[in-house]
Amino acid sequence: MQKRALPWELLGAVVGAGLASGREVAAFFGRYGWLGFAGVGAAAGMLLLLGSARMPCAWAGRWPERLWRVVLALLLIATGGAMLAASGEVAALALPLHGARWLGMGATVLLACLLARRTVSGLMRVSQAMLALLAGLLLLGLTLPPMRAAALTEASLPAALLKGAAYGGFNAALMFPVMADERSLGEEERRRALGTACCMAAALLAAGNALLLRHPALVGEALPFVRMTAAMGPAGYLLSAASLYFSILTTLTVCIRSSGGRAWPLVGIVLTALLGFSGVVDAVYPLLGGVCAAMLALMHLQQKITQACKQKT
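Numbering of residues starts from 1 in every chain and runs along the sequence as written. Only residues with pLDDT of 70 or above have their local features reported here, since the model is predicted, and side-chain atom pairs are shown and tallied only from 80 upward, although totals for entire chains, interfaces and linings are computed over all residues. Calculated side-chain values reflect all of the structure's heavy atoms, with hydrogen atoms and water omitted.

Let's talk about the packing of helix α4 (residues 36–51) against helix α8 (residues 157–181)
Think of two packed helices as two axes; the pair is described by the angle between the axes and how far apart they sit. The angle between two axes is taken between their N-to-C directions and runs from 0 to 180 degrees, where each axis is a line fitted to C-alpha atoms and a helix contributes only its stretch in contact. Working definition: helices are DSSP H or I runs of at least four residues, strands are E runs of at least two. Numbering for both runs from the N terminus. Across the interface, α4 lies against α8 with an axial gap of 7 Å and an inter-helix angle of 30 degrees. The handedness of the crossing between α4 and α8 is right-handed. Residues Ala-38, Gly-39, Ala-42, Ala-43, Met-46, Leu-47, Leu-50 and Gly-51 of α4 form the contact with α8, whose own contacting residues are Leu-157, Ala-160, Leu-161, Gly-164, Ala-165, Tyr-167, Gly-168, Gly-169, Asn-171, Ala-172, Met-175 and Met-179. Under this grouping Gly is polar, as are all residues other than the nonpolar Ala, Val, Leu, Ile, Met, Phe, Trp, Tyr, Cys and Pro and the charged Asp, Glu, Lys and Arg. A breakdown of the residues in the contact of α4 with α8 according to their chemical character gives 14 nonpolar, 6 polar and no charged. Two helices crossing with the near one rotated counterclockwise from the far one by less than a right angle form a left-handed crossing, whereas a clockwise rotation gives a right-handed crossing. Two residues qualify as a contact provided that any one of their heavy atoms is within 4.5 Å of a heavy atom in the partner residue.

Structural data, given as structure tokens:
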């Protein structure tokens, strides 16, 4: 079961509220128009390259390992907090109840804890449902009449590639604890699972960028895909809310599982959620994501150097 579930765990780590709402797609890819597809390629390349990184033996018990564990723990807490806050916002939009935001957050964290403690099959099913819902939403959006915009997108290939690489490096850090936690699979099976997850994530990003090319007026929206559903009626709105919620649930579950089931990361996630989704994404993500991406790159480089030295000897 674990062999089949690993790609879905990895996909659940990557596809969160930012991608499912279209916010990340617009910020990292859609703003560059057709060049956004080059950014998607750069993101997929970084996911494949850094997602396979492993902790070097030379780091064991030393300050780089301790620093990495602290930064990774903070990234998991920040990401989990952002997802939990987003679940409250989705509940407030979808449920006509007083206190729906707090009710949604409470139910989501309990459900995520349940999924994190049970076998991975539950998370796999939720990730599969999330992929089906999000793919359906994107395909349906491509059939809508175009929503034009007066402003032109940025035409800068270096900037598009840099943005894509940054996106891939950030999400590779979220994949790392999932890959590190699974030691029963062989190297070939791990690479195959990583490749499958990266292909699915790249396909979603490419479809999202194609959607924004058809509807450039959505690029400036805070939640582009959610805004798009205004033209679909109630059914489209429910489809968007469901895909967004499932993506939130999968990423939050991965964050809780990767924290080792300890209490203090869960407390940190709940406290971070009080900052709100936008507060975490705008203020915390860029810093922690950049540090994690840099340390993953250093891990990968040290592994290559070690392998080269062993081959020479």
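Moving on, there is more to tell.
Re the pattern of salt bridges
A pairing counts as a salt bridge when a side-chain nitrogen of Lys or Arg comes within 4 Å of a carboxyl oxygen of Asp or Glu. For the structure shown, the criterion picks out 5 salt bridges. Salt-bridge contacts for Arg-69 lead to Glu-65; the nearest nitrogen and oxygen are separated by 2.9 Å. Of this pair, Arg-69 and Glu-65 are both found in helix α5 (residues 63–94), 4 residues apart, which corresponds to roughly one turn of the helix. A 1.4 Å probe rolled over the protein chains alone gives each residue an accessible area, and that area as a share of the maximum for its type sets the label: buried under 20%, exposed over 50%, partly exposed in between. Under the relative-accessibility criterion, Glu-65 is labelled buried at 15%. With its nearest N and O atoms 3.7 Å apart, the salt bridge here joins Arg-192 to Glu-188. In this pair, Arg-192 and Glu-188 both sit in helix α9 (residues 187–214), 4 residues apart, roughly one turn of the helix. A relative accessible area of 43% means that Glu-188 is categorised as partly exposed.

Thoughts on a nonpolar patch on the surface
Within the patch definition used here, like charges are joined within 9 Å and nonpolar side chains (Val, Leu, Ile, Met, Phe, Trp, Tyr) within 5 Å, considering only residues with over 30% relative accessible area and no salt bridge. For the area figures, the Shrake-Rupley method with a 1.4 Å probe applies, and any residue is considered shielded solely by the protein chains shown. There is a patch of nonpolar side chains on the surface, built from Trp-102, Val-267, Leu-271 and Leu-274 and spanning about 430 Å² of accessible area. When you line up the elements, Trp-102 lands in helix α6 (residues 100–117). Look at Trp-102 and you get exposed, because its relative accessible area is 51%.

Topic: the side chain of Glu-24
By the secondary structure assignment, Glu-24 is in helix α3 (residues 23–28). Charged residues are defined here as Lys and Arg on the positive side and Asp and Glu on the negative side; His and the ends of the chain fall outside this count. Here Glu-24 sits buried without a salt bridge, and the closest side chain of opposite charge, Arg-23, lies 7.9 Å off (N-O distance). Once residues within four sequence positions are removed from consideration, Glu-24 is found in contact with Gly-18, Leu-19, Phe-29 and Tyr-167.

Quick word on empty space enclosed by the protein
Within this scheme a cavity is a closed region of a 1 Å grid, computed over the protein atoms alone, that accommodates a 1.4 Å probe without allowing it to escape, whereas a pocket is open but has protein on both sides within 12 Å along at least five of seven lines; lining residues each have an atom within 4 Å of a point. Grid points are joined across faces, edges and corners, and a volume is the space filled by probe spheres set on the points. The final tally for this structure, using the stated rule, is 1 cavity of 30 Å³ or more. Size it by volume and the largest cavity reaches roughly 80 Å³. In this structure, the largest cavity is lined by 14 residues; those nearest its centre are Val-14, Gly-16, Glu-24, Met-83 and Tyr-285. Listed by contribution, the elements that provide at least two residues to the lining of the largest cavity are α1 (2–14), α2 (17–20), α5 and α8. Looking at the lining of the largest cavity element by element, the count peaks at 3 residues for α8. Split into classes, the residues belonging to the lining of the largest cavity amount to 8 nonpolar, 5 polar and 1 charged.

Focus: the layout of surface pockets
Space inside the largest pocket adds up to approximately 670 Å³. Forming the walls of the largest pocket are 28 residues, and the residues nearest its centre are Arg-69, Phe-176, Pro-177, Ala-180 and Asp-181. Those elements that provide at least two residues to the lining of the largest pocket are α5, α8, α11 (234–258) and α12 (263–273). A per-class count over the lining of the largest pocket returns 16 nonpolar, 3 polar and 9 charged.

Structural notes on α6
One full turn of an α-helix is made of 3.6 residues, so residues set three or four places apart face in the same direction. For a helix, the expected span equals 1.5 Å multiplied by the residue count minus one. An ideal rise of 1.5 Å per residue puts 26 Å on 18 residues; α6 measures up with 26 Å between its terminal C-alpha atoms. Taken as a whole, α6 has its buried residues at Ala-100, Gly-104, Met-105, Thr-108, Val-109, Ala-112, Cys-113, Leu-115 and Ala-116.

Re the packing of aromatic side chains
Any two rings among Phe, Tyr and Trp, with Trp reduced to its six-membered ring, count as a pair given centres within 6.5 Å; such a pair is stacked if its planes are under 30 degrees apart, edge-to-face if over 60, and tilted if neither. Inspection of the entire model under this criterion finds 5 aromatic pairs. Of the aromatic side chains, those joined through ring pairs into one cluster are Phe-28, Phe-29 and Tyr-167. For a ring to carry a charge above it, either NZ of a lysine or CZ of an arginine must fall within 6 Å of the ring centroid while also lying within 35 degrees of the normal to the ring plane. Positioned over the ring face of Trp-102 is Arg-101, at 4.7 Å from the centre of the ring. Positioned above the aromatic ring of Phe-28 is the side chain of Lys-163, whose terminal nitrogen or guanidinium carbon lies 5.1 Å from the ring centre.

Some details on the packing of α5 against α6
In contact at an axis separation of 7 Å, α5 and α6 are set at 130 degrees when each is read in the N-to-C sense. When the interaxial angle is binned, α5 and α6 end up oblique. Handedness of the crossing formed by α5 with α6: right-handed. Contacts from Leu-84, Ser-87, Gly-88, Ala-91 and Ala-92 in α5 reach Ala-100, Arg-101, Gly-104, Met-105, Thr-108 and Val-109 in α6. Broken down by class, the residue content of the contact of α5 with α6 amounts to 6 nonpolar, 4 polar and 1 charged. Here is the rule for angles: anything less than 35 degrees is roughly parallel, anything more than 145 is roughly antiparallel, 65 through 115 is roughly perpendicular, and the remaining ranges are oblique.

Some words on the nonpolar core
Formed by 93 residues in total, the largest nonpolar core has its most connected members in Trp-68 and Leu-296. Sort the elements by how many residues they give to this core and α5 lands first, with 13 residues. When residues no more than four places from it in sequence are discounted, the contact partners of Leu-296 are Leu-50, Ala-53, Trp-68, Gly-169, Ala-172, Ala-173 and Phe-176. Among buried residues, the Ala, Val, Leu, Ile, Met, Phe, Trp, Tyr and Cys ones that are joined through side-chain atoms within 4.5 Å form a nonpolar core.

Geometry only, nothing functional implied.
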